[in-house]
Amino acid sequence: MAEEVVSNAMLPPEMMAKSEESGQPARYELHVHNLSYQPSKRMLNRDEINSWINWARMGWLLPSLKEEKMDNFHESFLYRVNFTAHGGELTGVFGSRHERRELVSLLCGRQRSGLFDGNIALSGPDLAESHYYYDYVAYVQTKNLYIPGLTYYDMLRYSVELRLRGKPGSTWRQQVDDRTEEIISIMNLQKCRNRKIEEYPDLRGEVGSDLRRLSIALEIAGLPPVIVIEDPTTGFDPAVAVSILSCLQTLAARGHIVICSFGRPSTPELEMLDRVVLMSVGFTIFSSSPKQLQPYFCSPAMGYELKQGVELVDFMLDISTGTERPTTQRTADLPVIMQEKFEGSEYSESVIVPPIAVSAFSWEFFFLLGYAHFDSLPHIWSRLVTVIKRAFMTKFKDVDAIRTGLGGATVLAIIVGYLQLNTGTQNKYAMNLIQLTYPQTANVCALLFFSTIFSWAFPFLNAHVICQKLQLYRYERQSGICTTFAFAMGSLLSEVPFNIVYMWIFATIIFFMADLGQTGPDYVFYVTTVGMNSLVGLGSVFMLSSILRKELIVRDFFLLTVTLACLLSGFPFQLPQIRGYMADASSVNPLRWTFEGLMSWRFHNYEDATTILKTYGFEDFQHNHVYAILGRFIAVSAAINLMFLVRGPNLLRRKPAPVAGQRAHSMSRDSTASVDAMNVPADPEVFRRRSTRQSESVKPILFMRESSVTGRNSKLSINLSQVGEENMDRGPTVLFKELTYVVRDRTPFSKKKNVVLNRVSGLFDWGKLSMILGGAQSGKSSLLHVLAGDIAVGSYLHGRITFNGRELNPQQPAWQRCGFVTSQNDHLRDLTVRQNIEFAMKLRMYNRLGFAVLQENVAKTAEILNLVELMDRKAKTLNPGEMKRLAIAEEMVHGPKLLLMDEPLTGVSQYEASVMMMCFREMVNQDRTVVASVHQPSAEIFKLFDTVLLLSHGRAVYFGPVSNAANFFVLSPFGYDLSNYTNPADFLADIAGGFISDSKGDFIEAPLLENYYLQSENFNRLRLRFGDNNTNHVPEVNPMAKYGRAPAARDSDMEGSNMASSNASIEIAVGEFAGDDRGTGSGAPFLLPLPLLGWRAVLEDTFKRPSLSMLQLWLFKGQILMHRSLLSLAQRYELVASSVVAHTLLGCLFGWIMGPSSTTAGVYNTTSFFAVGSLFLILFNLIFVFFMYNNHQVFLKEYTRGLYPNFLKWVVLDWPLYTLRFINAILFTVVVWSLTDQPTRSEVQGFAVLSFMFMVWVSSLLTEIVVSLAEDRRSVYLGITSLGFTNFCFSGLFVKAQTLPHWMRPWVPSLSMIRWNMQGVFIDAFQDNARAIPAKVVFTGILNLFGWGGKTMWYCFYMLLANILVYKVVSFWTSGFSAVMRRGGRRLEKD
C-alpha cells in the first residue's frame, strides 16, 4: 500500500533505534557510492549519424528526421560519483548536461543500457526485496507531459488513481480525493485546477509555471520517498523558479528526498537548496551545503578566490568546467584530484557503503522486475479501469479533434457525393461494345477506390495525437503504473468507436448520394467494409507511431506506404497488366482486398460482371469473404502493435570483475587506482580539452570595461564608398519619447488590440552598453523592433524617435540604420560560417568596391566573436550559443554604428555569454551604440552594462545607470528589501514582474511604479535631454500620497498629453485612431481585417517605381543571390543526391510494376501512370520542404532588413531548385518510358519529358505558395498533400468531366495541372501508335471517356505554361504577403 511506502517500515533497525534514542523521526537516506557508468558501445558522432540517415535511408524517406538538429552524440561517462541525500532536504545536482542526464537516469532506473559499477541504496538493502521499486523513486523529466483537453484536476486525479494502491470502493475513492487535494495544496495549483490544458500552451510565464508544477504533481501523486526532477526551473524567470522550488521545499519538509538537476540557476535558487552535488567530468568534487561552497573552495587547500561582483553560482560552475583556476596555479586541478581533496576535507560526509554485493539498483534487480508490477488483482483491475476512463474522457473533451473528425468526414463525403451524384445507378452493362467502360462505370470504380483509400488513411490525420499518447504511455510504463495491456485496451475502446462513427457518417453520405445500392444488405456491406478497412488503417498508424515516434516521420512513412499500397491495389493499375510477381505481392495489401470486395459486391449483378472484374484481376471472389480477410489484417496489426508496445529487454549490466593479472577494480582513495579502474587517461587533457580555451580567453576580459578588451585594433574597415553607409565617427544617440505601440491580435479577422508599449521614454547613448530588462511579455522585443523601424502591419505607433536629433527616414533600409539581431537564428543551414558572414557582407554593399575589405572584415568579425575555429563548419552543426554568435556576426560585419540585439544571452552557456559580452564591450569602446534586451542576466553580466531600461507590462519604471538601479527602489517609498538578493538583476526583474512585495506587504503594480519613476530625478535628467525645461507642474492626483512623500515636479508636456495617466487614456487614443481607415506611416487602421491590410501593404511595395540606380543595385545583388542560392543547394549534396536517387527509384518502381505497357492491353495502365506519376511528382516536393522552409525564413529576415525586395527573390532565388527539379523530372520520365516500352521516337519522348518538366515546375511553384502561407511544417505537409489529391481528383481519372455538375464542367477540370499533363502526354504517345490503339474510334472513345476531345497536345502544353505564369504571380504575392505580415517580429509558424 502507498502508506507503507511513505512510512518508515523499510528503514533498517539501526536507524530506527537511533531515532528512538534521539526522539527525532527517522528519515530515508539515499547513498550513492563510487557510482560509475559508461555506454555499452561507442555512439555515432554527428557526421556519421547524418550520413547514415541520408544514405542508408536514401535521404527522402525521412526528410523531417534528417533535418532535425542533431545532438552532440558522444560518449558520456560517470567515473566516481559519491554523495548522500537525506530525507527532508532539497538536493541540487550540478554538472554538464550529459553528466546530469546519466546520473538522473541511473538514480531513477531509466538507464537501460551500458555498464555501471558502484552502489545506490535507499536506507539499506531491503529495497531490492520489494516488488514496488517505482513506488520508491519518482522521476520528472524536463519535457512537460500532458493530455490536451483535460483540466489540471482531471490529469492529477487520474494520476493519483493509477499510483494509489487499495481496493476500489468508497474508502479508496475518498483516499484518492484527499490525496488529490493534498498534492494540489503542496504544488500550489489551486488557481488553475479547473483550467483546460490547450494543445499548444504557452510554455513561458504563468501558464508554463503551472504546467511545470503539474508535471511534478503527476509524478509525486504516490508521495514516494525519493523524488528526482530534471531541470525543474529551466527557462523560467527567477521569481517563477523560486515559486517552483518553494513547492519542492514544502515537499522535502515532509521527509521526502528531493533531488533536482540544474543547469545554471539564479542565486535565490541556489540559496534555497540544502545540499549541492557538484560534478566535473564524472567525478564528485563537492557534496555539502551551499553555505560551505565559498569557505571550502577559497580555503588554502584549494586556493580559489571569489572575486567581487561574481555570483557564487557562476563561481561554482566555472570551477566545475575548469574555467576558474586557483590563484597559485596556471591550470586547474584534474577532477579526480579535486575529488580526493574534497573527500579528505572536513566538509566531506562519509558515504555509508551498504553491506551487500548487489545494490537495489543493480542490473539483476532490473532484469528480474523489468517494468512489471506484481500487484493484486483488484489493483490491476482498478488501474485498467482508470486508464480506460481517462482515455474516454480525453477523447470526449478534445472538442477540436471531434469537430475536425466529424466535420472532415461529413464535408468531404458531401463534396465527393455531389461530384458523383447518382453515378451508381444500376445498369445492365458496365462496358460498351469496344470494351471501354462507360463514364458512370468508371466513376463508380474510382469512387469505390476512393472509399477504400480514404477510410484507410483517415486515422493518419490524428497522427500527432497518437504520438503524444504513446509518449505519455512510455513515460507511465517506465513509472510502472501503466501496463501494455491497459494502454492497448484504453486506446482500443476510445479510438475505435469514434473512428467507426466517422466512417459510418462518411459511408452513409456516399452510399445514398452516389446511389450505390438499393437494399439494406447492400448498405450494411458497404458501411461494414469501409469501417473494417478504417480499423486496419488505425492499426497501421499506431504501428508506425510506435516504431517511429515522431509525428513528421510517421507522416513521411505514411506517404511511402500509401504509394506502395495504391500502386498494388488494382486501381489505377489493373493487376492483369502488371508484372506477375508484383500482382502476387498485392495479396498482402489490405487495400487490394477491400477494393476487390467492393468491386465484386457492386458489379456482381451486371451482365458483363465477369468481364469488368477480370479487367481489374478480380475473378472468382465472393465479396462476403472480405470480412474474414480484413479480420485477419486487423488481428495481425494488433499483434504487431502489442509487440512494439511491450518494453524491450534491459541491457544495463554491472561492470564485470577484472580477470587475473589485471588491476583489481577498486574505488579506493588512491587517485591513480581510481583513474585506471574506469580507464580514465592520466593525461590532464581529458579534463582541460574543453576548458582551456575558456579559461584563457574569457575570464581575463570579463571585468575590463574602460579599455579595449582584445588589446588590438579590431575596428572594421568600412567607409561610405564601399558600403553606402553614413560615415560617422561614433554611434548615434537614440532618443525615444512617449512611445505607445498598439498591435492587432494575430488572428486573421480579429479586431482585438494589445497595448505592448505604454508611454515609454528613454535614451541610448553612444559609447555605452545599454540593457532593456524585464520579464516575459514586458515589451522588450517590441521596443527593439520599433527602434529598428520594423513596425507590424495593423499596428498603431505614437511618440517620437530620433537618431542624433534627427527624425527617422522611413525610406532608409533598416540595415543602414542599425544592425538588428532578433531572437530567432535564421541562417542558411548548409553554408559554412564563413560563407554566411561573407554573403551577409556582400548583400550590404552597393557595388564591388566593398570586396576590397570583404575578407578583412570577415576575419576581424570572426576574431572578435571567437568564431575563427568554426569558420569552416556548416551552420546546422552549431550549438545555440554558436548560432547566436553567427547571427551577431552577420549583423555587425559591415560595421554598423548602432547594434540592437533581442535576448542574445538567452539559452547560451556562460562561456558563450562571456564571448558575446567581450564583443559588446569592444564595440562600445569603439564609440558605438549597443543595446541588448536581456531576460535573466547573472550579476557578473549585469554589472558589465552601463545603463538599464526596466520595463513592466509595457511601461518604463526605471531608466538610468546600472549601478543605481537597485538603490532606486530600495530608497523609494515602497521600501523594497535587497538583502535577500545577491544578483541585482533578479531583484529588478521581480519588482517589474510584481513578484516581490514592498515594506508594507503590498505587491505594487506597473502603473504605480511608473508614476514614481516619472516623478524621480532620473526622469528629470532624461527630460532635460529631451529639451523640456518646465518643472513647475504638479499632478492633481498623487498616487504616492499613502507613502508619505510629496510628489516631485512633472513635465507639463507629458501631463498635458492624452496618454498621460492611465490605461483609460490609452483606450481613448486608440479609439480616436480606430476611425481612420487610411493609416499612413507607422499608424494602422483597426477596422479593416488584418489580411486585407497585409495585401494592401504588398500592393504598395509592389508598384513603387524603381530608379535607374536602384535597378543597377538589384542587378548587383541578384548576382550575389544567385551565387548564394547555387552554393547553398550544392552544399546540400545529400538532398541533391537523394532526390536524384528517389526519382530514379520511383521511375523504376513504376516501370517494374507496369512492365511493357505499349500494347492495347496496357493503354489503361499507361494512361493511369500519366495521372498517378504526376501526382507523386507533386508529393515528392515534400523532399524539399525543409530546404525551402529554411530559405523562406532567411528571406523573411533579409526582407525586413531591406537588403533586397521581394521581386529579386521572385526572379533569382529559386532557379537552382527549379533546375534540380527539371533534372529529377527528366530522369523519372526517361526511366519509366524505357522500362514500359513506350514509343522511343525523339519527338514523342521529347514532348513527354518537356511536359513532365513543366508539370514539376508548376508543382514547385505550388509548394512555394504553401510554404509562404503555412504556419508550420505540418501545415505544409497537409497543404501539399491536399492540393495534390485535389488536382488528381479533377484530372479525369477519378471523376469524368462529362459527369460533373453543369456549372463545374467548363472550368474546374482546367484548373488541374495533372489533367493537362496527362492529356498532352496521352495524345503524344497514342495518337499515331497503331500498335497500342489500332482503331481510330478507340482513340476517340478514350478521349471522350476522359473528356479530352477536341484538344491537341500543344494546346495542353500551353495550358501548363499558363498555369506556370499564374502560379508564379501568386507565389510573388504570397511571399510578399508573408514578409509583410512578419514585420514587427511576428512569426506565422509555431515551431
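Right, let's walk through the structure included here.

Conventions used here
Residues numbered from 1 in each chain as written. Predicted model: local features only at pLDDT ≥ 70, side-chain atom pairs only at ≥ 80, totals over all residues. Heavy atoms only, no water. Helix = DSSP H or I, 4+ residues; strand = E, 2+ residues; numbered from the N terminus. Buried < 20%, exposed > 50% of the residue type's maximum accessible area, 1.4 Å probe, protein only. Contact = heavy atoms within 4.5 Å. Areas by Shrake-Rupley, 256 points an atom, 1.4 Å probe, with all protein chains shown as cover. Axes fitted to C-alpha atoms, helices over the stretch in contact; angles between N-to-C directions. Parallel < 35°, antiparallel > 145°, perpendicular 65-115°, else oblique. Left-handed = near helix turned anticlockwise from the far one by under 90°. Nonpolar A, V, L, I, M, F, W, Y, C, P; charged D, E, K, R; others polar. Expected span 1.5 Å × (residues − 1). Pairing = 2+ DSSP bridges. Phe/Tyr/Trp six-rings, centres within 6.5 Å; stacked < 30°, edge-to-face > 60°. Lys NZ or Arg CZ within 6 Å of the ring centre and 35° of its normal. 1 Å grid on protein atoms, 1.4 Å probe; cavity = no way out; pocket = protein on both sides within 12 Å on 5 of 7 lines; lining within 4 Å. Points joined across faces, edges and corners; volume = space filled by probe spheres on them.

### Things to note about the overall build of the protein
No. 1: A tally of helices and strands in the protein yields 54 helices and 20 strands.
No. 2: Of all 1391 residues assigned to the protein, the portion counted as buried reaches 62%.
No. 3: Sequence-distant contacts, at least 24 apart, represent 79% of the contacts inside the protein between residues at least 6 apart.
No. 4: For the protein, the exposed area adds up to about 53,500 Å²; of that, 59% sits on carbon and sulfur atoms.

### Quick look at the packing of helix 32 (residues 833–842) against helix 34 (residues 880–892)
No. 1: Where helix 32 contacts helix 34, the two axes come as close as 8 Å, and the packing angle between them is 30°. The angle between helix 32 and helix 34 falls in the class roughly parallel. Between helix 32 and helix 34 lies a crossing of right-handed hand. On helix 34, the residues touching V833, N836, I837 and A840 of helix 32 are L886, A889 and E890.
No. 2: For the contact of helix 32 with helix 34, a count of residues per class yields five nonpolar, one polar and one charged.

### Describing helix 20 (residues 520–548)
No. 1: Taking 1.5 Å of rise per residue, the 29 residues of helix 20 would be expected to cover 42 Å, and the 42 Å separating its terminal C-alpha atoms lies within 8% of that figure.
No. 2: The buried fraction of helix 20 amounts to 22 of the 29 residues, a majority that puts the element mostly inside the structure.
No. 3: Of the residues one or two after helix 20, R549 is the one with positive phi, at around 75°.

### Observations concerning the sheet that holds strand 11 (residues 734–744)
No. 1: If you trace the four strands from one edge of the open sheet to the other, you get 12-11-14-15, paired in antiparallel fashion. Every other strand in the sheet has two partners, leaving strand 12 (753–764) and strand 15 (806–807) as the edge strands with one partner each.
No. 2: Running over the sheet, helix 40 (residues 1017–1026) touches strand 11 and strand 12 and is turned about 80° from strand 12.

### Remarks on unusual backbone geometry
No. 1: The residue after F571, namely P572, is reached through a cis peptide bond having omega 10°.
No. 2: Here P572 is to be found in the loop between helix 21 (551–567) and helix 22 (580–585).
No. 3: Notably, N422 is not glycine yet its phi reads approximately 55°, a positive angle.
No. 4: Tracing the sequence through the fold places N422 in the loop between helix 16 (399–419) and helix 17 (439–457).
No. 5: Exposure remark for N422: the relative accessible area of 45% places this residue in the partly exposed category.
No. 6: A positive phi angle, close to 60°, is found at D515, a residue other than glycine.
No. 7: With respect to the helices and strands, D515 occurs in the loop between helix 19 (484–513) and helix 20.
No. 8: We classify D515 as buried; its relative accessible area is 17%.

### Re the packing of aromatic side chains
No. 1: According to the stated counting rule, one finds 84 aromatic pairs in the structure shown.
No. 2: Measuring from centroid to centroid gives 4.9 Å for Y958 and F968, while their planes differ by 50°, and the two rings are tilted. You can see Y958 sitting in strand 20 (residues 955–961) and its partner F968 sitting in helix 37 (residues 965–970), a full 10 residues away along the chain. Per residue, the accessibility class of Y958 equals that of F968, and both read buried.
No. 3: Here the aromatic rings of F969 and Y976 are separated by 6.3 Å at their centres, their planes lie at 70°, and the arrangement is edge-to-face.
No. 4: The buried category is assigned to Y976, whose relative accessible area is 3%.
No. 5: Joined through ring pairs, the aromatic side chains of Y958, F968, F969, F974, Y976, Y981, F987, Y1012, Y1013 and F1019 make up one cluster.
No. 6: Lying across the ring of F498, K395 places its NZ or CZ 5.7 Å from the centre.
No. 7: Above the ring of F1195, the side-chain terminus of K1209 is found at 5.3 Å from the ring centroid.

### Let's talk about empty space enclosed by the protein
Empty space left among the atoms is revealed by rolling a probe the size of a water molecule over them.
No. 1: Scanning all chains against the criterion turns up 18 cavities of 30 Å³ or more.
No. 2: In this model, the largest cavity occupies a volume close to 240 Å³.
No. 3: Considering the residues around the largest cavity, the lining is formed by 17 residues, among which M1188, N1191, H1192, L1213 and D1214 are closest to the centre.
No. 4: Of all the elements, helix 47 (residues 1185–1200) adds the most residues to the lining of the largest cavity, at six residues.
No. 5: When its residues are assigned to classes, the lining of the largest cavity shows eight nonpolar, five polar and four charged.

### A look at the environment of G1292
No. 1: As for its placement among the helices and strands, G1292 is situated in the loop between helix 51 (1273–1289) and helix 52 (1313–1326).
No. 2: With a relative accessible area of 3%, G1292 lands in the buried category.
No. 3: When the C-alpha positions of G1292 and G1347 are compared, they lie 7.0 Å apart, and in sequence the two are 55 residues distant.

### Observations concerning the sheet that holds strand 20
No. 1: Taken in spatial order, the six strands line up as 16-17-18-13-19-20 in an open sheet, and their pairing is mixed. Two strands close off the open sheet at either side, each with one partner strand: strand 16 (819–821) and strand 20. Between one strand and the next, the sheet's axes are offset by a mean angle of 15°, whatever the strand orientation.
No. 2: The sheet contacts of helix 30 (residues 780–787) involve strand 13 (769–773), strand 16, strand 17 (898–902), strand 18 (929–934) and strand 19 (947–952), and relative to strand 17 the element is tilted by about 150°.
No. 3: The sheet strands contacting helix 34 are strand 16 and strand 17, and the helix crosses strand 16 at an angle near 165°.

By themselves, these observations are geometric and do not establish any function.
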